[in-house]
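Structural overview for review
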Amino acid sequence: MSSATDDAAGGEQDAAGAAVSGLAVSGAAVVEAALIDSGLDYRVHAPGRFFVTLPGTKKLQTNCWVVLDEHALVIEAFVCRKPDEAHEDVYRYLLRRNARLYGVHYTLDGSGDVYLVGRLGRQAVAPEELDRLLGQVLEAADGDFNALLELGFRTAIRREWGWREARGESLANLRPFQQLVRREGALPPAEDSG
C-alpha cells in the first residue's frame, strides 16, 4: 500500500473512532441531563460513568452505577450482602420478583451479595427510559429490602433486638421487624468471647 492509501485508511479509522467517541459524549450528555432534571445526587467518575444515590425509606439509600459502554447503558445497584441463612428462600423470593421487574433483575456477585442489574441498548437511551429504570431500581431495592432482611438475616435481627432490649438501647430502626420478634421472640445476646 502507498502512504496515501495508509493515510486514507487511518483517516477512516480516526473518523470511526470519533463517531464512537461522539456517541459516548452524546449518550453521556443525555444521561447527565436526565440526572440533573431528576434532582438525584450523582457524581461523574469518568466520561460515561455516573455514581447515583437513590433516596429510600426502608433502605435509606441505594447507590447505583450508571455506565455507558460502547453498546449499552448498564445499571448496577447493591441491595444487600450475602444472606446469613435461608438462602433457598431468599433466592426463591428474588427469582419470583424478577418476573415482575421492568428492565432490571436481581443477581448475585461472586461473594453472594445481592444486586440489581440492567442493560439497555445505547439507541434506546433517553431521559424517560433512564427515569423508568432508576425508578424500578429504587422501587425494588427499597420495597424488597425488609423482606430480604427478614428472610436472610432472621436470627441476626432477633439477636440484635435482644441485645438492644437488654441494654435499653433504641429499637427504632428494628421496628419494621417487630412482627418477626413477636412471632418468634428475641434471642439473648451472644456470649462475649473476650
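Now for a quick tour of the structure. Here the structure is a predicted model, which means the values were calculated and not measured.

The rules we used
- Residues numbered from 1 in each chain as written.
- Predicted model: local features only at pLDDT ≥ 70, side-chain atom pairs only at ≥ 80, totals over all residues.
- Heavy atoms only, no water.
- Salt bridge = Lys/Arg side-chain N within 4 Å of Asp/Glu carboxyl O.
- Helix = DSSP H or I, 4+ residues; strand = E, 2+ residues; numbered from the N terminus.
- Buried < 20%, exposed > 50% of the residue type's maximum accessible area, 1.4 Å probe, protein only.
- Contact = heavy atoms within 4.5 Å.
- Core = buried A, V, L, I, M, F, W, Y, C linked by side-chain atoms within 4.5 Å.

Moving on, we come to the pattern of salt bridges. Under the criterion given, the structure shown has 12 salt bridges. For Glu88, the salt bridge goes to Arg92, with nearest N and O atoms at 2.8 Å. Pair noted here: Glu88 and Arg92 are both in helix α2 (residues 87-98), with a separation of four residues, about one helical turn. According to the relative accessible area criterion, Glu88 is exposed, its value standing at 59%. Arg97 serves as the salt-bridge partner of Asp144, at 2.8 Å between the closest nitrogen and oxygen. One end of the pair, Asp144, is in helix α3 (residues 127-152); the other, Arg97, is in helix α2, with 47 residues separating them in the sequence. Its relative accessible area of 3% is what places Asp144 among the buried residues. In this structure, a network of salt bridges that share partners links the residues Glu150, Arg154, Arg158, Arg183 and Glu184.

Before going further, it helps to examine the environment of Arg97. With relative accessibility at 6%, the residue Arg97 sits in the buried group. A sequence separation of 47 residues divides Arg97 from Asp144, and the C-alpha atoms of the two residues are 8.9 Å apart. In contact with Arg97, not counting residues within four places along its chain, are Tyr106, Glu139, Ala140 and Asp144.

Here Ala86, not a glycine, exhibits a phi torsion of approximately 50 degrees, which is positive. With respect to the helices and strands, the residue Ala86 is situated in the loop between β4 (72-80) and α2. Assessed through its relative accessible area of 32%, Ala86 is described here as partly exposed.

A few words on the nonpolar core. By size, the foremost hydrophobic cluster in this structure holds 42 residues, and its most contacted members are Val31, Val66, Leu73, Ile75, Leu116 and Leu134. The element that contributes the greatest number of residues to this core is α3, accounting for nine residues. Filtering out sequence-adjacent residues up to four positions away, Val66 remains in contact with Val31, Gly48, Arg49, Phe50, Val52, Leu73, Val74, Ile75, Leu130 and Leu134.

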